[in-house]
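Here is how the chains run, residue by residue.
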Amino acid sequence: MEFEGLIRVAAFGLVFGLVALWELAAPRRKARFDRRIRWPHNLGLLLVDVVILRLLAPGAAIAVAWAAQDRGWGLLSVLSLPSWLAVLVGVALLDLAIYFQHVMFHAVPTLWRLHRVHHTDLDFDVTTGTRFHPIEILISMAIKCAAVAAIGASPLAVLVFEVLLNATAMFNHANASLPASAERWVRLLVVTPDMHRVHHSVRYEESSSNFGFNLPWWDRLFGTYRTQPAAGHEAMTIGVDAFRSAEDLRLDRLLLQPLRDTPGRYPINGRREAA
Ligand SMILES: [Zn+2]
Ligand SMILES: [Zn+2]
């Protein structure tokens with residue numbers, strides 16, 4: 001645990017570099033905007049998030065996991081599973097909690113305004129996976145801490161989960177696709193770029209699908225799974241209808257975007273109306 005910060009930064013740098021190279025070698029879609037227009041702002045937002053999180057809640061989820069372990073909080077402390085199994089179950093249950101959190105960020109109008117910052121990116125690539133409003137990051141951290149206490153996840157399970165989630169978030173936002181033969185199998189184990197891209201469609205029935213970030217099972221289990229975008233991956237439109245200009249991609253606009261009104265239906269609402 002002494003090397004926690006180093007593990008996180010090294011894993012981030014490695015996965016970011018690999019996914020960026022994959023996108024350069026075999027891009028799935030033609031980018032609407034030059035990288036120079038989006039990347040500094042998306043990565044600038046990530047930097048704001050990291051600084052705010054380090055200042056306000058450094059290592060919060062792991063600290064809660066230590067406290068839970070000391071005081072015997074949570075489901076897993078009652079079950080007394082072998083430690084390797086407790087880590088696996090802890091990671092899976094944390095992932096389930098994040099699935100429900102993601103659905104909630106689409107369902108509650110005020111939360112959707114925050115999460116919309118992630119969805120208004122007009123291209124879909126590795127930096128989209130790092131683009132979240134800092135207030136969404138803080139709310140997510142609070143929810144994660146509550147989930148860690150309720151589950152009784154160990155500090156190791158939390159570290160594995162956080163490093164894994166950062167890595168898969170970059171992987172499944174890649175502007176790239178696995179070979180079709182492999183894609184079919186890999187999407188049974190982990191959320192693939194082709195699966196998550198559906199979630200970034202402007203069409204509300206598509207953005208109300210595929211909420212998983214890590215394990216693909218929750219969408220299948222709870223009826224929110226959608227195999228492919230109707231228009232196909234090259235032709236589908238990425239983003240949100242009301243935010244289509246290059247200026248909306250700027251860092252200052254991203255930070256203030258939650259204050260702007262939401263025209264039209266927000267995704268979960270739309271899903272019910274569409275049905
Ligand atoms: Zn979403
Ligand atoms: Zn996404």
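Procedures and definitions
Residues numbered from 1 in each chain as written. Chains lettered and ligands numbered in written order. Predicted model: local features only at pLDDT ≥ 70, side-chain atom pairs only at ≥ 80, totals over all residues. Heavy atoms only, no water. Donors = N, O, S within 2.8 Å, 3.2 Å for Na, K, Ca; no water. Buried < 20%, exposed > 50% of the residue type's maximum accessible area, 1.4 Å probe, protein only. Tetrahedral: all angles 85-135°; square planar, octahedral: opposite > 155°, others 65-115°. Helix = DSSP H or I, 4+ residues; strand = E, 2+ residues; numbered from the N terminus. Polar contact = N/O pair within 3.5 Å; in protein donor to acceptor, adjacent residues only side chain to side chain. Contact = heavy atoms within 4.5 Å.

**Quick look at the coordination of the zinc ion (ligand 1)**
Working step 1: Taken together, H102 (NE2), H106 (NE2), H115 (NE2), H119 (NE2) and H199 (NE2) make up the full set of protein donors to the zinc ion (ligand 1), lying 2.1 to 2.2 Å away.
Working step 2: Mapped onto the sequence, the donors of the zinc ion (ligand 1) take the spacing H-x3-H-x8-H-x3-H-x79-H.
Working step 3: Given the relative accessible area of 0%, H115 is considered buried.
Working step 4: Its relative accessible area of 1% is what places H119 among the buried residues.

**A closer look at the coordination of the zinc ion (ligand 2)**
Working step 1: Distances from the zinc ion (ligand 2) to its protein donors, H118 (NE2), H173 (NE2), H196 (NE2) and H200 (NE2), fall at 2.1 Å.
Working step 2: Seen from the zinc ion (ligand 2), its four donor atoms lie at angles of 89 to 162°, and the figure they make is irregular.
Working step 3: All donors of the zinc ion (ligand 2) belong to a single chain; written as a sequence motif, their spacing is H-x54-H-x22-H-x3-H.
Working step 4: The two metals, the zinc ion (ligand 2) and the zinc ion (ligand 1), are separated by 5.6 Å.

**With respect to unusual backbone geometry**
Working step 1: The phi dihedral of S80 falls on the positive side, at around 40°, and the residue is not glycine.
Working step 2: For S80, the location among the structural elements is in the loop between helix 4 (75-79) and helix 5 (83-107).
Working step 3: Backbone geometry places N210, a non-glycine residue, at a positive phi of 55°.
Working step 4: Along the chain, N210 falls in the loop between helix 11 (204-207) and helix 12 (217-221).

**Describing the side chain of R187**
Working step 1: In this fold, R187 is placed in the loop between helix 9 (180-186) and helix 10 (193-199).
Working step 2: On the basis of relative accessible area, R187 is assigned to the buried category, the value being 4%.
Working step 3: Within the structure, R187 has its side chain in polar contact with the side chain of E183 (distance 2.8 Å).
Working step 4: Of the polar contacts made by the side chain of R187, one reaches the side chain of Y225; its length is 2.8 Å.
Working step 5: Apart from the residues within four sequence positions on either side, R187 is in contact with T192, D194, M195, P216, R220, Y225, T227 and Q228.

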